[in-house]
Amino acid sequence: MNAGRTATVLQTAPVRAGHRLDIARAATGLFMAKGVERTSLADIADAAGIPASTLWSHFPSKEECVTPLFSYGTERIARRLDTWPPDHPLIDAFDAFDGEDWLTPTGPSGEETLRAILDALRLTREEPSLHALWIRESFAALPVVARAIAARSGRSEPGMDATVQAGMLLSALQLALRAYAWTPPEARHVDLVDTLLEAVRIAMRGLPA
């Protein structure tokens, strides 16, 4: 589909999840190349092949365009844990999913999306507005994770203990992802999935199984 056709489709339909990732990747590429301050919403719309008016209707600011990358992992975690059986070990939910790495992007654009996520995280070091968005999105799954932890203690709703434990788990994932993104590729000794799983195992020590 060419850019003109894409623009026509998006003018008449909501931006779907795949298109949101396209926009996020385009925005991140521009931010990396030009900086956030020198990138306009029109630049992002042009790179994504959609009208600026469509972009404005789905993202209130140019910085918000990268949020699909920041929320990618937490949305998958929330979906996974929301349906995870209470009698199954919680750590197993963070392991392989149907033989695929569910903590990291898969599919035709998986590698491109993962590169964009890591680039967006690198940008948070110098861009306070992006850092704030990343913190917000990192904890969006807190209620779901807290319920999953509470269920292992036979409770239908989480108390303070389950909520704090959920925050610890999400913080561990956030710190592991940040450490991986901020480490130069040549200095990495463990791949991303193993890094995230190790962080989960550390955070889950003492949590209900």
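This is a predicted model, so every value here is computed, not measured.

About the cut-offs
Counting restarts for each chain, with residues numbered from 1 along the sequence as it is written. With pLDDT at 70 or above as the cut-off, local features in this predicted model cover only qualifying residues; side-chain atom pairs require 80 or more to be listed or tallied, and sums for whole chains, interfaces and linings still use all residues. Excluding hydrogens and water, the side-chain values take into account all heavy atoms of the structure. Comment: elements are numbered from the N terminus, with helices defined as DSSP H or I runs of at least four residues and strands as E runs of at least two. Whether two residues are in contact is decided by their heavy atoms: any pair within 4.5 Å suffices. Where accessible areas are quoted, they stem from the Shrake-Rupley method and a 1.4 Å probe; at the residue level, only the protein chains shown are allowed to cover. For our purposes a nonpolar core is just a set of buried Ala, Val, Leu, Ile, Met, Phe, Trp, Tyr and Cys residues, chained together by side-chain atoms within 4.5 Å. Each residue is placed in one exposure class: buried if its accessible area under a 1.4 Å probe, protein chains only, is under 20% of its type's maximum, exposed if it is over 50%, and partly exposed if it falls in between. Aromatic contacts are taken between Phe, Tyr and Trp rings whose centres are within 6.5 Å, Trp giving its six-membered ring; a plane angle under 30 degrees counts as stacked, one over 60 as edge-to-face, and the others as tilted. We count a charge as sitting over a ring when the NZ of a lysine or the CZ of an arginine lies within 6 Å of the ring centre and within 35 degrees of the ring normal. Axis lines are fitted to C-alpha atoms, over the contacting stretch for helices. Their N-to-C directions set the angle, which ranges from 0 to 180 degrees. Oblique is the label for any angle not under 35 degrees, not over 145, and not in the 65 to 115 range, which are roughly parallel, roughly antiparallel and roughly perpendicular in turn. Left-handed describes a crossing whose near helix is turned anticlockwise from the far helix by less than a right angle; the clockwise case is right-handed. Every helix has an expected span of 1.5 Å times one less than the residues it contains. It is the directions from the helix axis to the C-beta atoms that the arc portrays. Charge counting treats Lys and Arg as positive and Asp and Glu as negative, with His and both chain ends excluded. Think of a salt bridge as a Lys or Arg side-chain nitrogen and an Asp or Glu carboxyl oxygen that are within 4 Å of each other. Two N or O atoms count as a polar contact when they lie within 3.5 Å, although within protein this holds only if one can serve as hydrogen donor and the other as acceptor, and sequence-adjacent residues are included solely when both atoms are side-chain atoms. Within the patch definition used here, like charges are joined within 9 Å and nonpolar side chains (Val, Leu, Ile, Met, Phe, Trp, Tyr) within 5 Å, considering only residues with over 30% relative accessible area and no salt bridge.

Regarding the overall build of the chain
Part 1 of the reasoning: Secondary structure assignment for the chain yields eleven helices and zero strands.
Part 2 of the reasoning: What you see in the chain, going N to C, is helices and strands ordered as α-α-α-α-α-α-α-α-α-α-α.
Part 3 of the reasoning: Across the chain, every contact between residues at least 6 apart in sequence was considered, and the portion connecting residues at least 24 apart equals 67%.
Part 4 of the reasoning: Of the roughly 10,700 Å² of accessible surface on the chain, 54% is carried by carbon and sulfur atoms.

Here's the deal with the nonpolar core
Here is a general trend for soluble globular proteins: nonpolar side chains tend to be buried in one another's company.
Part 1 of the reasoning: One finds Leu55, Leu81, Phe94 and Val145 to be the most contacted residues of the largest nonpolar core, which totals 62 residues.
Part 2 of the reasoning: Of the residues forming this core, the biggest block, ten residues, is contributed by helix 10 (residues 160-182).
Part 3 of the reasoning: Excluding anything up to four places from it in sequence, leucine 55 contacts Ile23, Leu41, Ile44, Ala45, Ile50 and Cys65.

A closer look at the environment of isoleucine 44
Part 1 of the reasoning: The topology assignment puts isoleucine 44 in helix 3 (residues 41-48).
Part 2 of the reasoning: Note on isoleucine 44: relative accessible area 0%, which makes it buried.
Part 3 of the reasoning: Here the alpha-carbon distance between isoleucine 44 and alanine 26, two residues 18 residues apart in the chain, equals 6.3 Å.
Part 4 of the reasoning: Leave out the neighbours within four places in its chain, and isoleucine 44 touches Ile23, Ala26, Ala27, Leu30, Phe31, Thr39, Leu55, Lys62 and Cys65.

Considerations on the packing of aromatic side chains
Part 1 of the reasoning: One pass over the full model with this rule turns up zero aromatic pairs.
Part 2 of the reasoning: Lying over the aromatic face of tryptophan 182, arginine 125 brings its terminal NZ or CZ to 4.4 Å of the ring centre.
Part 3 of the reasoning: The ring of tyrosine 180 carries the charged tip of arginine 188 above its face, separated from the ring centre by 4.1 Å.

Remarks on the packing of helix 9 (residues 142-151) against helix 10
Part 1 of the reasoning: Running from N to C, helix 9 and helix 10 point in directions that differ by 120°, and their axes come no closer than 8 Å. Between helix 9 and helix 10, the angle is such that the two are oblique. Crossing of helix 9 over helix 10 shows right-handed handedness. On helix 10, the residues that touch Leu142, Val145, Ala146, Ile149 and Ala150 of helix 9 are Ala162, Thr163, Gln165, Ala166, Gly167, Leu169 and Leu170.

Re the environment of arginine 25
Part 1 of the reasoning: Looking at the secondary structure, you find arginine 25 in helix 2 (residues 17-34).
Part 2 of the reasoning: When the C-alpha atoms of arginine 25 and isoleucine 44 are compared, they prove to be 9.5 Å apart, with 19 residues separating the residues in sequence.
Part 3 of the reasoning: Ignoring sequence-local partners within four residues, the contact set of arginine 25 consists of Leu69, Ser109, Glu112, Thr113 and Ala116.

A closer look at helix 7 (residues 110-123)
Because each turn of an α-helix spans 3.6 residues, side chains separated by three or four positions end up pointing in the same direction.
Part 1 of the reasoning: Counted at 1.5 Å a residue, the expected span for helix 7 with its 14 residues is 20 Å, and the 20 Å between its end C-alpha atoms agrees.
Part 2 of the reasoning: Every buried residue of helix 7 is listed here: Gly110, Thr113, Ala116, Ile117, Leu118, Ala120, Leu121 and Leu123.

Examining the side chain of threonine 67
Part 1 of the reasoning: Among the secondary structure elements, threonine 67 is positioned in helix 5 (residues 67-70).
Part 2 of the reasoning: You can call threonine 67 buried: its relative accessible area is 5%.
Part 3 of the reasoning: Ignoring anything within four residues of it in the chain, the contact list for threonine 67 reads Arg20, Phe59, Leu133, Arg136 and Glu137.

Re helix 8 (residues 128-138)
Part 1 of the reasoning: Considered for burial, the residues of helix 8 that qualify are Leu130, Leu133, Trp134, Glu137 and Ser138. Axial view of helix 8: buried residues confined to an arc of 130°, hence all on one face.

Observations concerning the side chain of arginine 152
Part 1 of the reasoning: Positionally, arginine 152 belongs in the loop between helix 9 and helix 10.
Part 2 of the reasoning: For arginine 152, which is buried and forms no salt bridge, the nearest opposite charge comes from aspartate 87, at a distance of 6.8 Å.
Part 3 of the reasoning: At a separation of 2.7 Å, a polar atom in the side chain of arginine 152 contacts the main-chain carbonyl oxygen of alanine 148.

Remarks on a nonpolar patch on the surface
Part 1 of the reasoning: A contiguous nonpolar patch, built from Met160, Val164 and Met168 and spanning about 310 Å² of accessible area, is present on the exposed surface.
Part 2 of the reasoning: Along the chain, the position of methionine 168 falls in helix 10.

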